[in-house]
Number of protein chains: 2
Amino acid sequence: MGAPKKGTNDGSFLYDPCLLQGLDWTSLQGVMSPPITNTAPGEEWLCVRPLQVDDFDKGFISLLSQLTTVGKVSRMDFLRQFLAMEKSGGYYVTVIEDTRHKSIIGAATLVTEFKFIHDGGLRGRLEDVVVNNTYRGKQLGKLIVMTVTLLAKKLGCYKMSLDCKDPLIAFYKSLGYKLEPGNANSMIIRYETEPS
Amino acid sequence: MGAPKKGTNDGSFLYDPCLLQGLDWTSLQGVMSPPITNTAPGEEWLCVRPLQVDDFDKGFISLLSQLTTVGKVSRMDFLRQFLAMEKSGGYYVTVIEDTRHKSIIGAATLVTEFKFIHDGGLRGRLEDVVVNNTYRGKQLGKLIVMTVTLLAKKLGCYKMSLDCKDPLIAFYKSLGYKLEPGNANSMIIRYETEPS
């Protein structure tokens, strides 16, 4: 297993970092300006890599709290979920580290799902996208979303999907995501959970 | 591991059939008329149960072709995906069998996803819902959808989501699913795949 070009390689990865090598950014010409990629993210102190087991201490959970309700997630809770994802497979939690501060400043997750349909295919989903809002203007949102989107293609997914709020539609359209006419509805049931 | 009350118990299950016992159908009063449940599906020859390894021979893949493009899925392909799902965990493919004909006539899948957000929670997704169109008028669509929806609740999911086409919105609304205002968009990228 290879290590990413940069970054502090002091923990085990959730998935093989070699998978992030050779992603096909050619289709993004014009979308990224300047044309950064996961292996050349625009600043020498930025590193795009799989989640590592010690990223709890680099603020990964704190970062997620900028996205939604995280609740109380201890180091042990983090480790439990990390190991559950690793055992299951199909979880490609990907982060951007500011290696100057050993701080996680961006994250996005690709989750893959085995299908019987589509020739027994693989479907991808984009989940839990967040970038630290003090790092604006560096295209890091586009960078982390497209890294996992290109990874889904590399893994052989026949499609990639996401759910989003109205104000984010334009952002995802700029990256190639589409609202298919008549087929773009996301519906949910929220369950009441026991107070923890 | 227990067996379902009825049905031909001649293959191994994708998940523990005991999980389908004791689902809380009380919240569905008025929705199902007459009030059928997964353990009392209205006809003695109907059986709601987890997918079994020999369901390829009971027409499971043929049934899915009523839903979408299935392509060429051989018995070996089916088995490969079945085992991949079993190994991964989190795949609750659930079927309705007409035990008179040893035929799969309905199916729906709950896929669960580990999360770091929401207290390290579990999210559910409803996938690949299909009922043989020659069995109309028996509420089997509602039955299979609510079986996996109640299963998600039992497993502790904090929410369950689905993507659907416009004509199905009313159906899912009748079962408690909602389009959350401003947060109901499903966007996708379809990848070109190599011709098989």
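In case you missed it, the structure is sitting above this.
This one's a predicted model, so the numbers in the text were calculated from it and none came from an experiment.

Caption draft 1: Layout of the relation of the copies chain B and chain A. When chain B is fitted to chain A, the best match, at an RMSD of 0.0 Å, comes from turning it 180° and sliding it 0.0 Å along the axis. Interpreted geometrically, this transformation is the action of a two-fold axis. Among all C-alpha atoms of chain B, that of Ser88 of chain B lies closest to the rotation axis, at 2.2 Å. Interface overlap between copies: 100% of the residues of chain B at the interface are likewise at the interface in chain A, consistent with a symmetric, same-surface contact.

Caption draft 2: The arrangement of the environment of Ala40 of chain A in detail. On the secondary structure map, Ala40 of chain A appears in the segment before β1 (46-50). For Ala40 of chain A and Phe60 of chain A, which are 20 residues apart along the polypeptide, the C-alpha to C-alpha distance reads 22 Å.

Caption draft 3: Inspection of the interface of chain B and chain A at higher detail. Contact residues are listed per partner, giving 69 residues for chain B and 69 residues for chain A. Together, the buried faces of chain B and chain A total about 6300 Å²; carbon and sulfur atoms form 54% of this surface. Our count for the contact surface shared by chain B and chain A stands at 12 salt bridges. Arg190 of chain A is paired through a salt bridge with Glu180 of chain B; the nearest N and O atoms lie 2.8 Å apart. The tally of links between chain B and chain A comes to 43 residue pairs in polar contact (both at pLDDT 80 or more).

Caption draft 4: Local environment of the packing of aromatic side chains. Here the structure, examined in full by the defined rule, presents 20 aromatic pairs over all chains. Plain terms: the ring middles of Phe60 of chain A and Phe116 of chain B are 5.2 Å apart, the flat faces sit at 85° to each other, and that makes the pair edge-to-face. Of this pair, Phe60 of chain A sits in helix α1 (residues 60-64) while Phe116 of chain B is found in the loop between β3 (103-114) and α3 (117-120), placing the two residues in two different chains. By relative accessible area, which is 5% here, Phe116 of chain B ends up buried. Relative to Phe114 of chain B, the ring of Tyr91 of chain A has its centre 6.0 Å away and its plane inclined at 35°; by these criteria the two rings are tilted. With Tyr91 of chain A in strand β2 (residues 91-98) and Phe114 of chain B in strand β3, this residue pair bridges two chains. Three or more aromatic residues joined by ring pairs make a cluster, and in this case those are Phe56, Phe60, Phe78 and Phe82 of chain A together with Phe116 of chain B. Positioned over the ring face of Trp45 of chain A is Arg100 of chain A, at 3.5 Å from the centre of the ring.

Caption draft 5: Geometry of a nonpolar patch on the surface. A cluster of nonpolar side chains, contributed by Met76, Leu79 and Leu83 of chain B, occupies part of the molecular surface with about 280 Å² of accessible area. Position of Leu83 of chain B relative to the elements: it lies in helix α2 (residues 75-88).

Caption draft 6: Layout of the nonpolar core. Formed by 60 residues in total, the largest nonpolar core has its most connected members in Leu51, Phe60, Leu126, Val145, Tyr172 and Tyr177 of chain A together with Phe116 of chain B. At 9 residues, helix α4 (residues 140-155) of chain A tops the list of elements feeding residues into this core. Not counting chain neighbours up to four residues away, the residues in contact with Tyr177 of chain A comprise Leu126, Val145, Thr149, Met160, Leu162 and Tyr172 of chain A together with Met187, Ile188 and Ile189 of chain B. Grouped together as the second largest cluster of nonpolar side chains are 59 residues, Leu20, Leu46, Ile104 and Leu143 of chain B included.

Definitions and limits used
Residues numbered from 1 in each chain as written. Chains lettered and ligands numbered in written order. Predicted model: local features only at pLDDT ≥ 70, side-chain atom pairs only at ≥ 80, totals over all residues. Heavy atoms only, no water. Least-squares fit on C-alpha atoms with pLDDT ≥ 70 in both. Contact = heavy atoms within 4.5 Å. Helix = DSSP H or I, 4+ residues; strand = E, 2+ residues; numbered from the N terminus. Buried area = accessible area lost by both parts, 1.4 Å probe. Salt bridge = Lys/Arg side-chain N within 4 Å of Asp/Glu carboxyl O. Polar contact = N/O pair within 3.5 Å; in protein donor to acceptor, adjacent residues only side chain to side chain. Phe/Tyr/Trp six-rings, centres within 6.5 Å; stacked < 30°, edge-to-face > 60°. Buried < 20%, exposed > 50% of the residue type's maximum accessible area, 1.4 Å probe, protein only. Lys NZ or Arg CZ within 6 Å of the ring centre and 35° of its normal. Patch = residues over 30% accessible without salt bridge, like charges linked within 9 Å, V, L, I, M, F, W, Y side chains within 5 Å. Areas by Shrake-Rupley, 256 points an atom, 1.4 Å probe, with all protein chains shown as cover. Core = buried A, V, L, I, M, F, W, Y, C linked by side-chain atoms within 4.5 Å.

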